[in-house]
Amino acid sequence: MNPSRASSFEPDGRRGRGERGSAVVTALVLLFAFTAGGVIWLSRDVNRVITNRSAAQSIAFQSARAGAQQVDVGSLRGSGEPTVVLNEERARVEGRLIADELFGAYGVSGTSSMTIDGDTVTVTVTIEDPDGDATATGSVQAQTGP
């Protein structure tokens, strides 16, 4: 055996025996690091989507409730059976006011639209997000009390 080459080998004749398995360890560390990063990113993204959907539902319902509370008082005070008649102009103004206020409170931006059908107010809210918009609808029917 050539003495100059013998120094680069381990006593048993294999080169680099002390570094055996370091590539596997490096690969596993990288695999776990990327997996952990992916899980953290996914949980953050899913959390935002769920939060936006919940906020949209809340804003839609509260806006519809505010609109349904705008009853024309004269329709309730008339003789005979009281009927619920909504003041549509006030209902739209109050529903929009509440929606805008709640958009600000939740720290989101979006749009809302309201339809009034007799004594029922329906509001559709869309929260705009770069990863996907969240849309919800809330509907409230104005009723007379006992």
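Residues numbered from 1 in each chain as written. Predicted model: local features only at pLDDT ≥ 70, side-chain atom pairs only at ≥ 80, totals over all residues. Heavy atoms only, no water.

**A closer look at the confidence of the model for the chain**
In step 1: Here the chain shows a mean pLDDT of 84. Residues at 70 or above account for 85%.
In step 2: Within the chain, strand β2 (residues 120–127) carries the highest mean pLDDT (96), whereas helix α1 (residues 3–6) carries the lowest (52). (pLDDT = per-residue confidence, 0-100. Helix = DSSP H or I, 4+ residues; strand = E, 2+ residues; numbered from the N terminus.)

**Things to note about the pattern of salt bridges**
In step 1: Overall, the coordinates contain three salt bridges when judged by the stated rule.
In step 2: E88 serves as the salt-bridge partner of R92, at 3.9 Å between the closest nitrogen and oxygen. Placement of both R92 and E88 in helix α4 (residues 88–106) is noted, with a separation of four residues, approximately one turn of the helix.
In step 3: Note that R96 and D100 form a salt bridge whose closest N and O atoms lie 2.5 Å from each other. A residue pair is termed a helical-turn pair when its members lie 3 or 4 positions apart in one helix, as R96 and D100 do in helix α4 at four residues. (Salt bridge = Lys/Arg side-chain N within 4 Å of Asp/Glu carboxyl O.)

**Digging into the packing of helix α2 (residues 22–68) against α4**
In step 1: Between α2 and α4, the shortest axis-to-axis distance is 8 Å and the interhelical angle comes to 150 degrees. Regarding the angle of α2 to α4, the classification is roughly antiparallel. For the pair α2 and α4, the sense of crossing is right-handed. Within the contact between the two elements, α2 uses A55, S58, I59, Q62, S63, A66 and G67 and α4 uses A91, E94, G95, I98, A99, L102, F103 and Y106.
In step 2: A class-by-class count of the residues in the contact of α2 with α4 yields nine nonpolar, five polar and one charged. (Axes fitted to C-alpha atoms, helices over the stretch in contact; angles between N-to-C directions. Parallel < 35°, antiparallel > 145°, perpendicular 65-115°, else oblique. Left-handed = near helix turned anticlockwise from the far one by under 90°. Contact = heavy atoms within 4.5 Å. Nonpolar A, V, L, I, M, F, W, Y, C, P; charged D, E, K, R; others polar.)

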